[in-house]
Number of protein chains: 2
Amino acid sequence: MKIESVDLFYLALPHVRMIGDGSQDTLLVRIRSGRHEGWGECEASPLTSIASFVCPLSHSACRPVRDSVLGQRLDSPKDIARIGHLVRANSFDLLQAEHTISGIDVAMWDLLGRRVGKPVYQLLGDRKAHPKLAYASALFGETPQQTFGKVRQFVRQGFRAVKLGWGSFGRHGLRHDRAQVEAAREAAGPVCHLMIDAGTIWGADVTSARARLSFLKRARVTWLEEPFATHQHEAYLRLAKSRPRVPLAGGEGAHNAPMAMHMIDHAGLSYVQIDAGRVGGISAARQVVDHARRRRVQYVNHTFTSNLALSASLQPYAGVRAFDICEYPVELSDLAAGLTVGRIVPDADGRVTVPAGPGLGVEVNRRTVRRFLQRVVIKAGGRILYESPSI
Amino acid sequence: MKIESVDLFYLALPHVRMIGDGSQDTLLVRIRSGRHEGWGECEASPLTSIASFVCPLSHSACRPVRDSVLGQRLDSPKDIARIGHLVRANSFDLLQAEHTISGIDVAMWDLLGRRVGKPVYQLLGDRKAHPKLAYASALFGETPQQTFGKVRQFVRQGFRAVKLGWGSFGRHGLRHDRAQVEAAREAAGPVCHLMIDAGTIWGADVTSARARLSFLKRARVTWLEEPFATHQHEAYLRLAKSRPRVPLAGGEGAHNAPMAMHMIDHAGLSYVQIDAGRVGGISAARQVVDHARRRRVQYVNHTFTSNLALSASLQPYAGVRAFDICEYPVELSDLAAGLTVGRIVPDADGRVTVPAGPGLGVEVNRRTVRRFLQRVVIKAGGRILYESPSI
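Quick notes on the rules
- Residues numbered from 1 in each chain as written.
- Chains lettered and ligands numbered in written order.
- Predicted model: local features only at pLDDT ≥ 70, side-chain atom pairs only at ≥ 80, totals over all residues.
- Heavy atoms only, no water.
- Helix = DSSP H or I, 4+ residues; strand = E, 2+ residues; numbered from the N terminus.
- Rg over C-alpha atoms; globule rule 2.2 N^0.38 Å.
- Buried < 20%, exposed > 50% of the residue type's maximum accessible area, 1.4 Å probe, protein only.
- Contact = heavy atoms within 4.5 Å.
- Areas by Shrake-Rupley, 256 points an atom, 1.4 Å probe, with all protein chains shown as cover.
- Lys, Arg positive; Asp, Glu negative; His and termini not counted.
- Charge placed at Lys NZ, Arg CZ, Asp CG, Glu CD.
- Least-squares fit on C-alpha atoms with pLDDT ≥ 70 in both.
- Pairing = 2+ DSSP bridges.
- Right-handed = clockwise from strand over helix to strand, strands pointing away.
- Core = buried A, V, L, I, M, F, W, Y, C linked by side-chain atoms within 4.5 Å.
- Axes fitted to C-alpha atoms, helices over the stretch in contact; angles between N-to-C directions.
- Parallel < 35°, antiparallel > 145°, perpendicular 65-115°, else oblique.
- Left-handed = near helix turned anticlockwise from the far one by under 90°.
- Nonpolar A, V, L, I, M, F, W, Y, C, P; charged D, E, K, R; others polar.
- Salt bridge = Lys/Arg side-chain N within 4 Å of Asp/Glu carboxyl O.
- Expected span 1.5 Å × (residues − 1).

Draft legend 1. Spotlight on the overall build of chain A. The helix and strand tally for chain A stands at 14 helices and 16 strands. Computed over C-alpha atoms, the radius of gyration of chain A comes to 20 Å, within 12% of the 21 Å expected from 2.2 N^0.38 for 391 residues, which places it in the range of a compact globule. Counting every position in chain A, which comprises 391 residues, the buried fraction comes to 65%. Across chain A, contacts joining residues at least 24 apart in sequence account for 74% of those joining residues at least 6 apart. Just so you have it, chain A exposes about 13,900 Å², and 48% of that area is on carbon and sulfur atoms. Across chain A, the centroid of the 51 positively charged side chains sits 4 Å from that of the 36 negatively charged ones.

Draft legend 2. A look at the relation of the copies chain A and chain B. In screw terms, the move from chain A to chain B is a rotation of 180 degrees and a rise of 0.0 Å along the axis, fitting with an RMSD of 0.0 Å. Taken together, the rotation and translation relating the two chain copies correspond to the operation of a two-fold axis. The fraction of interface residues of chain A whose copies in chain B are also interface residues reaches 100%, indicating that both copies meet through the same surface.

Draft legend 3. Inspection of the pairing of strand 5 (residues 161-165) of chain B at higher detail. Residue and element names in this part refer to chain B. Counting buried residues along strand 5, five of its five residues qualify, which places the element largely inside the surrounding structure. Pairing of strand 4 (residues 132-139) with strand 5 involves four bridges; the strand directions are parallel. When the bridges of strand 5 are listed, Leu-139 appears paired with Gly-165. A crossover connection joins strand 4 to the parallel strand 5 through helix 5 (residues 144-156); in handedness this β-α-β unit is right-handed. When strand 5 meets strand 6 (residues 193-197), the two strands line up parallel, connected through five bridges. Within strand 6, the residue paired with Leu-164 across the bridge is Ile-196. The handedness of the strand 5 to strand 6 crossover, carried by helix 6 (residues 174-188), is right-handed.

Draft legend 4. Focus on the nonpolar core. One finds Tyr299(A) and Tyr299(B) to be the most contacted residues of the largest nonpolar core, which totals 262 residues. Setting aside anything within four residues of it in sequence, one finds Tyr299(A) in contact with Val272(A), Ile274(A), Ala285(A), Val288(A), Val289(A), Ala292(A), Pro316(A), Tyr317(A) and Phe323(A).

Draft legend 5. Representation of the packing of helix 5 (residues 144-156) of chain A against helix 6 (residues 174-188) of chain A in the model. All names here are of chain A. In contact at an axis separation of 8 Å, helix 5 and helix 6 are set at 25 degrees when each is read in the N-to-C sense. In terms of orientation, helix 5 lies roughly parallel with respect to helix 6. For helix 5 against helix 6, the interelement crossing comes out right-handed. Residues Pro-144, Thr-147, Phe-148, Val-151, Arg-152 and Val-155 of helix 5 lie in contact with helix 6, whose contacting residues are His-176, Ala-179, Gln-180, Ala-183, Ala-184, Glu-186, Ala-187 and Ala-188. Partitioned by chemical class, the residues of the contact of helix 5 with helix 6 number nine nonpolar, three polar and two charged.

Draft legend 6. Structural view of unusual backbone geometry. For the bond from Arg243(A) to Pro244(A), the omega torsion is -10 degrees, close enough to zero to count as cis. One non-glycine residue, Thr200(A), adopts positive backbone phi at about 65 degrees. Position of Thr200(A) relative to the elements: it lies in the loop between strand 6 (193-197) and helix 7 (206-210). Unlike most non-glycine residues, Glu226(B) shows phi in positive territory, near 40 degrees. With respect to the secondary-structure elements, Glu226(B) resides in the loop between strand 7 (223-225) and helix 9 (233-240).

Draft legend 7. The arrangement of the pattern of salt bridges in detail. All names here are of chain B. In the structure shown here, the tally under the stated rule is 40 salt bridges over all chains. Between Asp-7 and Arg-30 there is a salt bridge, with the nearest N and O atoms lying 2.8 Å from each other. Within this pair, whereas Asp-7 is found in strand 1 (residues 5-12), its partner Arg-30 is found in strand 2 (residues 25-33), the two being separated by 23 residues in sequence. Arg-30 carries the same exposure label as Asp-7, and that label is buried. Of the charged contacts, one joins Arg-115 and Asp-75 as a salt bridge, the two residues approaching to 3.6 Å between their closest N and O atoms.

Draft legend 8. Here's a closer look at helix 6 of chain B. Residues and elements named next belong to chain B. For helix 6, built from 15 residues, the straight-helix expectation of 21 Å at 1.5 Å per residue is met to within 8% by its first-to-last C-alpha distance of 21 Å. Among the residues making up helix 6, those that are buried are His-176, Asp-177, Gln-180, Val-181, Ala-183, Ala-184, Arg-185, Ala-187 and Ala-188. Buried residues along helix 6 sit in contact with helix 5, strand 5, strand 6 and helix 8 (213-218). At the C-terminal side of helix 6, Gly-189 shows a positive phi close to 80 degrees.

Draft legend 9. Structural context of the sheet that holds strand 2 of chain B. Residues and elements named next belong to chain B. Reading across the sheet, the three strands line up as 1-2-3 and stay open at both edges, with antiparallel pairing between neighbours. A single partner strand is all that each edge strand has here, and the edge strands are strand 1 and strand 3 (36-42). Direction aside, neighbouring strands of the sheet carry axes that sit 20 degrees apart on average. Inspection of the sheet shows strand 1 paired to strand 2 by eight bridges, in the antiparallel sense. Within strand 2, the position partnered with Leu-8 by the bridge is Val-29.

In structure tokens:
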């Protein structure tokens with residue numbers, strides 16, 4: 001069977017706010033082949049990824065992503081790998097292509113799973129999906145009081161792990177950060193896992209990050225996430241070796257598997273966090289899973305958007321029992337919340353299991369697509385290169 | 001003074017061919033502040049970089065590049081660094097932004113140099129520009145005979161170093177590659193430097209690359225360039241340690257300074273090749289120069305496009321005497337050749353010196369901009385986000 005169409009849908013809230021909430025827009029990918037279709041999502045800047053899909057040829061290593069996908073044979077996981085290689089070889093000078101292929105790869109796995117009636121993790125060779133302890137993932141409150149209220153609510157909902165990040169953290173000085181973390185631990189109680197996400201706020205400044213270690217340690221955080229920008233391995237490593245020891249997490253910015261593997265090898269991470277919608281899809285994420293196992297670093301999904309993206313990011317490590325934590329976003333926008341028919345929800349024990357249905361096991365809600373669709377037109381050199389498809 | 005406008009011009013040949021010639025299109029950047037202007041170029045996929053400049057906000061770490069540049073104060077090199085940090089902090093989830101900031105950074109240096117009447121390398125703190133041995137950089141001929149003819153011509157023109165790459169190399173088997181390299185050496189004569197560029201053809205396949213080492217060694221090549229994809233450090237390192245020893249070059253794919261530094265640290269390179277139009281501009285390139293000095297790896301520019309891009313890529317290491325080789329593209333398209341008024345040419349000794357004029361020391365030919373301008377319109381959500389500016 002050949003890939004007959006690849007449709008990109010740019011969805012966004014009517015008013016996107018200047019906050020760290022990545023669920024305010026999305027680029028949805030639909031792939032059709034014969035009577036089947038598959039869906040995927042690319043993380044971040046839908047318009048830019050659309051441009052990388054349709055742009056005119058620059059030279060033989062800078063081709064539009066479309067040219068390496070449309071018309072390709074898609075019969076097995078090997079074809080997905082082949083198409084991924086093709087995009088990387090044909091578009092390696094097109095930086096955005098790695099984000100774009102991410103959603104396409106996810107949609108290809110979904111399509112293949114639906115065609116053979118199996119969930120993606122089984123196509124990856126795993127027999128069983130193991131439940132993961134879901135951590136409620138949310139933004140910090142503006143004040144410690146607000147943060148306390150948020151965490152208290154998550155615990156009441158049954159979560160046994162909570163992560164807070166971004167917002168004011170790292171922006172108002174040491175005392176504010178300590179008060180935030182202490183409020184979170186107080187609300188969480190002594191048993192609940194607590195993770196803190198600094199959202200790269202310190203760039204490469206180890207001293208600022210190190211100044212927070214003592215109260216993070218006192219609050220017994222499971223990890224400190226993204227103290228630094230993705231590429232700052234040396235800063236990560238220096239912080240990882242600092243006292244008191246606080247485990248570090250990072251990797252969501254990786255846009256290909258080798259980049260994530262370098263981070264595992266050189267940044268002193270205890271947890272590597274991979275977004276299938278950025279790293280090159282489920283295929284690339286799976287390579288990182290395998291590398292993390294070899295290096296005894298714990299693999300965790302990164303997901304702050306829809307349940308479609310959540311399923312995609314869970315599939316690569318669903319079958320690995322030892323990797324037993326997952327990110328579970330709890331403050332979804334209307335767009336992200338409504339994007340799927342039905343929801344993946346934690347069980348009474350606070351655990352999430354990847355859906356049992358074929359492919360990603362989730363259904364896209366076409367009404368939501370219609371409601372949030374952004375009409376886009378791109379013209380260049382007298383030709384219309386892109387118009388939003390109909391759903 | 002504030003940055004009053006940033007204009008992006010997408011230029012392309014009427015017919016872009018499926019060859020490894022990166023000079024067939026370009027994204028030209030013009031920045032205006034007061035009565036001064038500066039120019040820069042971004043490498044690869046102009047439409048995608050335009051989209052990253054104008055795209056709607058996705059969230060607080062995925063903003064359009066424009067928002068971190070327009071209206072900013074630009075009075076000193078510190079402001080350039082500050083604006084670069086701002087773009088990276090505000091757009092770190094927007095992958096293409098690193099290519100886009102590259103041309104903007106170059107234009108800011110050009111503008112600043114013009115305002116104070118100094119060449120960029122002096123603003124970087126270097127007193128003197130040292131001449132570099134220019135290697136004629138060209139694509140392989142389709143046959144060894146064609147390659148022989150090309151190299152013979154470059155030597156007659158006075159070049160004392162020649163690099164051949166891409167084309168059929170690595171695509172038609174070992175014997176073909178050997179014949180190509182032997183033809184090149186025969187035409188070059190015994191003294192001329194000869195470099196071979198594999199254009200990432202072997203992906204991460206060390207065995208295929210290793211099979212070429214014996215005839216590369218016999219041909220006394222100065223380096224083998226890009227045997228593998230940019231992120232494949234381990235493959236690079238294994239090849240670098242293989243016998244017979246052939247020095248490796250790579251790094252043109254680096255899209256930020258830390259990425260290039262990791263390659264220096266982990267890939268066993270003898271030469272690191274940096275394109276200012278991709279790595280984040282002259283500022284990021286300069287960081288790589290400093291790191292290369294510390295690690296005793298030789299820094300070389302990567303340039304396959306216009307003389308504007310050539311000057312930009314030379315400035316970061318113009319003042320470093322020990323880094324004495326430069327890439328000099330000799331098969332420019334009409335677009336790239338005509339983009340500047342006047343040309344940077346090698347002296348009688350085959351050496352190139354960065355222009356002495358203020359800024360980049362080259363003038364953009366507005367007639368060429370008009371001739372090759374691609375009219376682009378981007379609309380989203382009922383708004384026109386971009387229309388090609390007038391020159």
